[in-house]
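# Coordinate inspection notes
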Amino acid sequence: MSSNPGEPKSRARTDFLLNNEAEVQKFWDENKVFEADPGNEPPSPGEKFFGNFPYPYMNGLLHLGHAFSLSKLEFGAAYHRLRGSNVLLPFAFHCTGMPIKASADKLAREIQQYGYPPVFPAAEGSSAAVADAIQADQADVVAPDKFKGKKSKATAKAGAHKYQWEIMKSFGLDDEEIARFQDPYHWLTHFPPLAKEVLKKFGLGCDWRRSFITTDMNPYYDAFVKWQMRKLKKLGKVVKDKRYTIYSPFDGQPCAGHDRVTGETVQPQEYVLIKMEVISPFPPKLKALEGRKTNCWVLPDGMYGTFEINDTDVFILTARSALNLAYQHLSRIPEKTTCLCELSGNDLICLPPKSPLAFNETIYVLPMLTVLTDKGTGIVTSVPSDSPDDFMALQALVTKAALRAKYGVKDEWVLPYDIVPIIHIPEFGDKSAEKVCHDLKIKSQNDKEKLAEAKRMTYLKGFTDGTMIVGEFSGKKVQEVKPLIKSKLLEEGTAVLYSEPEKKVMSRSGDECVVALTDQWYIIYGEAEWKQKAVRCLARMNTFSTDTRNGFEHTLGWLNQWACSRSFGLGTRIPWDEQFLVESLSDSTLYMAYYTVAHLLQNALLPEHHWPLGFRCNGHLMLNSEKMSKSTGNFLTLEDAIKKCSSDATRYALADAGDGMDDANFVTKTANSGVMKLTKEISWMEDITAAESKLRAGPPTTFADRVFANEMNIAIKETEKSYNAFMFKEALTSGFHVLQLARDEYRLSCGAAGMNRDLLWRFMDVQTRLITPICPHYAEHVWHKIMKKEGIVIKAGWPDADTPHPTLRIANKYLQDSIVSMRKLLQEQESGSKKPKKGAAPAPPSEEKKMSIGLIYVNEHYSGWKEQCLRVLQSKFDSQSRSFAPDQEIAEALKGCPIGQEMDLKQVQELCMPFIKLKKDAARDVGPRALDLKLPFSEMDVLGENLEPIKRQLGLEHVEVLPASDEAVRAKAGEHASLLEEKPPSPGKPTAIFLSKQS
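Procedures and definitions
- Residues numbered from 1 in each chain as written.
- Predicted model: local features only at pLDDT ≥ 70, side-chain atom pairs only at ≥ 80, totals over all residues.
- Heavy atoms only, no water.
- Helix = DSSP H or I, 4+ residues; strand = E, 2+ residues; numbered from the N terminus.
- Buried < 20%, exposed > 50% of the residue type's maximum accessible area, 1.4 Å probe, protein only.
- Areas by Shrake-Rupley, 256 points an atom, 1.4 Å probe, with all protein chains shown as cover.
- Polar contact = N/O pair within 3.5 Å; in protein donor to acceptor, adjacent residues only side chain to side chain.
- Pairing = 2+ DSSP bridges.
- Axes fitted to C-alpha atoms, helices over the stretch in contact; angles between N-to-C directions.
- Contact = heavy atoms within 4.5 Å.
- UniProt positions renumbered as here; feature names shortened; annotations may be inferred.
- Core = buried A, V, L, I, M, F, W, Y, C linked by side-chain atoms within 4.5 Å.
- Expected span 1.5 Å × (residues − 1).
- Parallel < 35°, antiparallel > 145°, perpendicular 65-115°, else oblique.
- Left-handed = near helix turned anticlockwise from the far one by under 90°.
- Nonpolar A, V, L, I, M, F, W, Y, C, P; charged D, E, K, R; others polar.
- Phe/Tyr/Trp six-rings, centres within 6.5 Å; stacked < 30°, edge-to-face > 60°.
- Salt bridge = Lys/Arg side-chain N within 4 Å of Asp/Glu carboxyl O.
- Disulfide = S-S within 2.5 Å.

### Details of the overall build of the chain
Along the backbone of the chain there are 36 helices and 28 strands. In terms of principal-axis extent, the alpha carbons of the chain reach across some 120 × 80 × 60 Å. Looking at the chain residue by residue over its 999 residues, the buried ones come to 47%. Accessible surface for the chain amounts to roughly 48,700 Å². Of this, 53% is attributable to carbon and sulfur atoms.

Structure below.
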């Protein structure tokens, strides 16, 4: 490697990697290494691998979030390719649906409104609607039967508002080019080629012959989707039905998850609106409605209106809920509200409505400050016996005359009435709200946290365990009665069904969505036989995490009819009803099969033996421990990441970012570290091959040789396991980081004798293959330029490995730990009582204090009271659960040992318990071998074989390894022999004594 002296070293290293990557990618293209074709014979298990990444949407540039998810497939596919499998990794570009069309239309509106090029008002740019939606998304409590991930995608990508023109400017486009994006089909010719170009720079092992875009712009894929829809209809899986669905009034069609800015996973929520008839005489603002059949609900403080539902009925409710009703055939003018007059909550407090199923002929409208007007109609019924909120609100009115006066509430409306028990809950009695508010010491409606806890305690219990104690359903369970009362009210005409989004949903066109009752085409995923096949497929599929499996199981539980038709956007026309388009998820369920024939244009089928074998999911990607966001500037496209760090260093940091379902973290320091590590490793390999003649020849024979070879075998096995499990951070750790530590330790252990040439060549071969799936360009460079090997490293095969020897690894750890402890002891002995100043290196010892002789005393077998303790622990240990019998039982067993005969129980405990605790902790950690009376290797042999590295690393001239049990050799310690009594050696802990020449 060479670098320009006038250029920063870090940039020179990055440029070296970038130049190498361009050269390697050219080599791959010329050799068509990623083109996958079927063999002449059916493959055996493990001989083929086909993986799919959900094709990204082409309304912008690919960023690191795309790259992170894609890297999971890319690394896995590269691993199987390296092993010799026939690997197919295709890639396509999704353009179906609303986002592109909505963005194109938004751009056209901006040009029409603000000119070309547009001049935007400086003060504009807030996004209160999005912010409110996010707040609602975060604040809502999830029902017990709902599945919710750790973070919604809406939350993850919401940010400050930007004009579409500004977004296009951020892509580096000039004004003339931006204007072309008013045509939605221009997006389809602009962004897919850019994505393909950057993915090739990334080193994606893709068979690009099979790439395609969706929509009718691609007649072949268009025909494939039409075939798919005809097939589903023929099988009876597509039906036309009326159903509640999230709907964009602006677009005039259902708004699926991909078509939303916020609330991507939100579903319609059903309510039963109870009609409560307003009794004459009407207050002044409602005089015009006398003679009409007017209905309202118990009201909070807020803004409302009177809305015509049909020619006779008028409902009092919020404008938001009236708009939802208008799209559910409950408005005099379809899809439009007619408000006869606007009202405030204060205007309604005087109303005495009559309510079905109520015990009192007349009930009263009362103020409640905590009712939300963005949920339901903004008017709620009051059940103070079982609702903690209602109970506290009523108590406030009963006990506070000033509050009644403020809202014009007459005493006779609240004071004469007692709370009527409705439900009996075993834990809370007949008045659950009163009891739980008293138990939690709730003082007012403002105790929001306590009220939330009260509701959590009572609502679920009330539904599951509660029993009705009044009315015709008395004695029946609440969960049994609820649908009966609903049916009764609907049959009597005293209630209507109403739906609205669970939370606020904003479409990509910028309007707030409603729930509409629409007549459209649905795929009936909930059909019993079909669902059972999906359940069977999931059961045998590897999901790589329980969170992913739980998510699938939850979705299969609720997924029933899925709206598959849209009126607006890009895509494929439904072949039998061309007024509709196939929506953007329904055209994306079988395209994996299309990949197999995209370059041949044959028919595609999906029998059971072609069902997917695995499905891997991951969390979002943070950038430097913060959420990626264009608005905050904490954002990185894949193109920019490669320019800054190189492809391999980017891939290195993506592998290191994380493997689970929690949010991962791409750290730019890690990518920069990757640049340094990869280029330094190349330099080291170049130096080693240049100095080949100076390396030790012949077969590996030393202890250090055997340890190094064993570490490579362990790395091969552990990395193989990690790749198979798609755990790429672990693969990077075992296949690169730990292996490099083993190499560095080997270099230190060998000293003047030199490293073994054959072992180093094997190390370069093994490390290169293990890192190939993650850093393939680096690996190709090492393979060809340094190791001078033929062929292509990405198909070189997985390295062979002998069976690892765990005992050898334990023995080496014992050796290294012993050297560390002996070095510390030697420094303390030479420096005496003087301690160096903080941060300063220890001063060299004087000549008379310099130690040159080391005596290492070893006791390889526990004896005496320690042996007795270990034998007791062995008998009281369950190796399966790694647990011990109770301490009392262990103490009783010690009483029967010789030590228990010689001492009383207190003395035994004082002597033995610290040792017993140490060994119990070790056994729980490593298993029964921690209780052995000796180590699984000869300490004398290990230390004796490594006298040279011990002398070199400790700076000694002479070292002996001696058995502590031999009285004659103990005398060699001279005046220091007492140390053998103060710190007696034990298995795994030799005692070292250092002597100067004079002593």
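Now that the structure has been shown, the text picks up again.
### A word on the side chain of Glu177
Within the secondary structure, Glu177 sits in helix H7 (residues 175-180). Taking the relative accessible area as the measure of exposure, Glu177 reaches 15% and is therefore buried. Within the structure, the side chain of Glu177 is placed 2.8 Å from the side chain of His186, a separation counted as a polar contact.

### Examining the sheet that holds strand S24 (residues 853-858)
Paired through their backbone hydrogen bonds, the strands of a sheet run either parallel or antiparallel. The sheet built from three strands is open, its strands ordered S27-S24-S28 with mixed pairing. Where the open sheet ends on each side, the last strands, each with one partner, are strand S27 (958-963) and strand S28 (991-995). Taking the axes of each pair of neighbouring strands and ignoring which way they run, one obtains an average angle of 20 degrees across the sheet. With six bridges joining them, S24 and S27 adopt parallel strand pairing. Looking at the pairing, Gly854 lines up with Val959 of S27. Of the strands in this sheet, S24 and S28 are in contact with helix H28 (residues 806-831), which crosses S28 at around 40 degrees.

### Description of the UniProt feature "domain: Leucine--tRNA ligase RagD-binding" (unreviewed entry) in the chain
Annotation from UniProt places "domain: Leucine--tRNA ligase RagD-binding" (unreviewed entry) at residues 859-935. Note that residues 859-935 is 62% helix and 5% strand, and that its end C-alpha atoms are spaced 10 Å apart.

### Observations concerning the nonpolar core
Counting residues in each nonpolar core, the largest one holds 101 residues, and the members touching the most others are Leu64, Phe91, Leu199, Phe666, Leu760 and Tyr778. With nine residues, helix H2 (residues 64-82) is the largest single contributor of residues to this core. When neighbours within four sequence positions are excluded, Leu199 is seen to be in contact with Leu62, Leu70, Phe91, Leu204, Trp208 and Leu638. One finds Met822, Val942, Leu956 and Val961 within the second-largest nonpolar core, a separate group that totals 22 residues.

### A few points about the sheet that holds strand S21 (residues 621-623)
Spatially, S22-S21-S23 is the arrangement adopted by the three strands of the open sheet, whose pairing is mixed. Only two strands of the sheet have a single partner each, and these edge strands are strand S22 (626-627) and strand S23 (664-666). Sheet topology note: the S21/S22 ladder contains two bridges and is antiparallel. By the bridge assignment, Met622 is partnered in S22 with Lys627. Packed on one face of the sheet, H2 meets S21 and S23 and runs near 130 degrees to S21.

### Here we look at the UniProt feature "domain: Aminoacyl-tRNA synthetase class Ia" (unreviewed entry) in the chain
Annotation from UniProt places "domain: Aminoacyl-tRNA synthetase class Ia" (unreviewed entry) at residues 24-107 and 189-575. Annotated as 43% helix and 7% strand, the span residues 24-107 places its first and last C-alpha atoms 41 Å apart.

### Overview of the environment of Val414
Relative to the assigned elements, Val414 resides in helix H14 (residues 411-414). Taking relative accessible area as the criterion, Val414 reaches 3% and is therefore assigned buried. Measuring from C-alpha to C-alpha, the distance between Val414 and Ile363 comes to 9.9 Å, with 51 residues separating the pair along the chain.

### Digging into unusual backbone geometry
A cis amide bond links Tyr116 to the next residue, Pro117, at an omega of -10 degrees. Note that Pro117 resides in the loop between helix H3 (99-114) and helix H4 (128-139). Despite not being glycine, Phe544 shows a phi value in the positive range, around 65 degrees. Locating Phe544 in the fold gives a position in the loop between helix H18 (528-539) and helix H19 (546-558). The backbone phi angle of Asn624 is positive, close to 55 degrees, even though this residue is not glycine. Counting through the fold element by element, Asn624 comes out in the loop between S21 and S22. Of the residues examined, Asn624 reaches a relative accessible area of 33% and is grouped as partly exposed.

### Regarding the side chain of Thr670
Within the fold, Thr670 resides in helix H23 (residues 668-690). When near neighbours in sequence (up to four residues on either side) are disregarded, Thr670 contacts Tyr652, Ala653 and Asp656.

### Focus: helix H8 (residues 184-202)
Here H8 is 19 residues long and its end C-alpha atoms lie 28 Å apart, about the 27 Å a rise of 1.5 Å per residue gives. Restricting attention to buried positions, one finds in H8 the residues Pro184, His186, Trp187, Leu188, His190, Phe191, Pro192, Ala195, Val198, Leu199 and Phe202. With a side-chain oxygen positioned 3.0 Å from the backbone nitrogen of Tyr185, the residue opening H8 is Asp183. Positioned one or two residues after H8, Gly203 has a phi angle of 90 degrees, which is positive.

### Regarding the packing of helix H25 (residues 728-750) against helix H26 (residues 757-771)
Put simply, H25 and H26 touch, their axes get as near as 9 Å, and they point 160 degrees apart. Judged on the interaxial angle alone, H26 and H25 are roughly antiparallel. In this structure, H25 crosses over H26, and the sense of that crossing is left-handed. Note on element contacts: H26 touches H25 through Leu759, Leu760, Phe763, Val766, Gln767, Leu770 and Ile771, opposite Leu732, Gly735, Phe736, Leu739, Gln740, Arg743 and Tyr746. The class makeup of the residues in the contact of H25 with H26 is 10 nonpolar, three polar and one charged.

### Points about the packing of aromatic side chains
Scanning the entire structure with this criterion turns up 43 aromatic pairs. Ring geometry for Tyr79 and Trp798: centres 5.1 Å apart, planes at 85 degrees, overall edge-to-face. Residue Tyr79 is found in helix H2, and its partner Trp798 is found in the loop between helix H27 (776-786) and H28; the two are separated by 719 residues along the sequence. With a relative accessible area of 11%, Trp798 lands in the buried category. One aromatic cluster is present, formed by Phe49, Phe75, Tyr79, Phe544, Tyr723, Phe726, Phe728 and Trp798 through successive ring pairs.

### Details of the pattern of salt bridges
Going through the model one piece at a time under the given rule, you end up with 56 salt bridges. A salt bridge links Arg209 to Glu35; the shortest N-O distance between them is 3.8 Å. Of this pair, Arg209 sits in the loop between H8 and helix H9 (219-234) while Glu35 sits in the loop between helix H1 (9-31) and strand S1 (48-50), and the two are 174 residues apart along the sequence. In this structure, Asp37 engages Arg209 in a salt bridge whose closest nitrogen and oxygen atoms are separated by 3.1 Å. One end of the pair, Asp37, is in the loop between H1 and S1; the other, Arg209, is in the loop between H8 and H9, and 172 residues separate them in sequence. Linked by salt bridges that have partners in common, Glu35, Asp37, Asp207, Arg209 and Arg210 make up one network.

### Structural notes on the environment of Thr548
Note that Thr548 resides in helix H19. Taking the relative accessible area as the measure of exposure, Thr548 reaches 4% and is therefore buried. Each C-alpha atom, one on Thr548 and one on Lys643, is 34 Å from the other, the two residues being 95 residues apart in sequence. With sequence-adjacent residues up to four places away left out, Thr548 is seen in contact with Thr543, Phe615, Cys617 and Met661.

### Quick word on the packing of helix H16 (residues 448-465) against helix H17 (residues 478-492)
What describes two packed helices is the angle between their axes and the distance between those same axes. Put simply, H16 and H17 touch, their axes get as near as 6 Å, and they point 80 degrees apart. By the angle class used here, H16 and H17 are roughly perpendicular. Counting all contacts with H16, which are made through Gly462, Phe463 and Thr464, the residues of H17 involved are Val478, Gln479 and Lys482. When the residues that make up the contact of H16 with H17 are grouped by side-chain class, the tally is two nonpolar, three polar and one charged.

### Considering the environment of Lys488
Positionally, Lys488 belongs in helix H17. For the pair Lys488 and Thr991, spaced 503 residues apart in the sequence, the C-alpha separation amounts to 87 Å. If near-sequence neighbours (up to four positions away) are discounted, Lys488 is found in contact with Leu357, Glu472 and Phe473. Polar contacts involving the side chain of Lys488 include one to the side chain of Glu472, which spans 3.1 Å.

### A few points about the state of the cysteines
Per the stated rule, a full pass over the model turns up zero disulfides. Of the cysteine sulfurs around Cys537, a residue in no disulfide, the closest is that of Cys617, at 13 Å. Taking the relative accessible area as the measure of exposure, Cys537 reaches 11% and is therefore buried.

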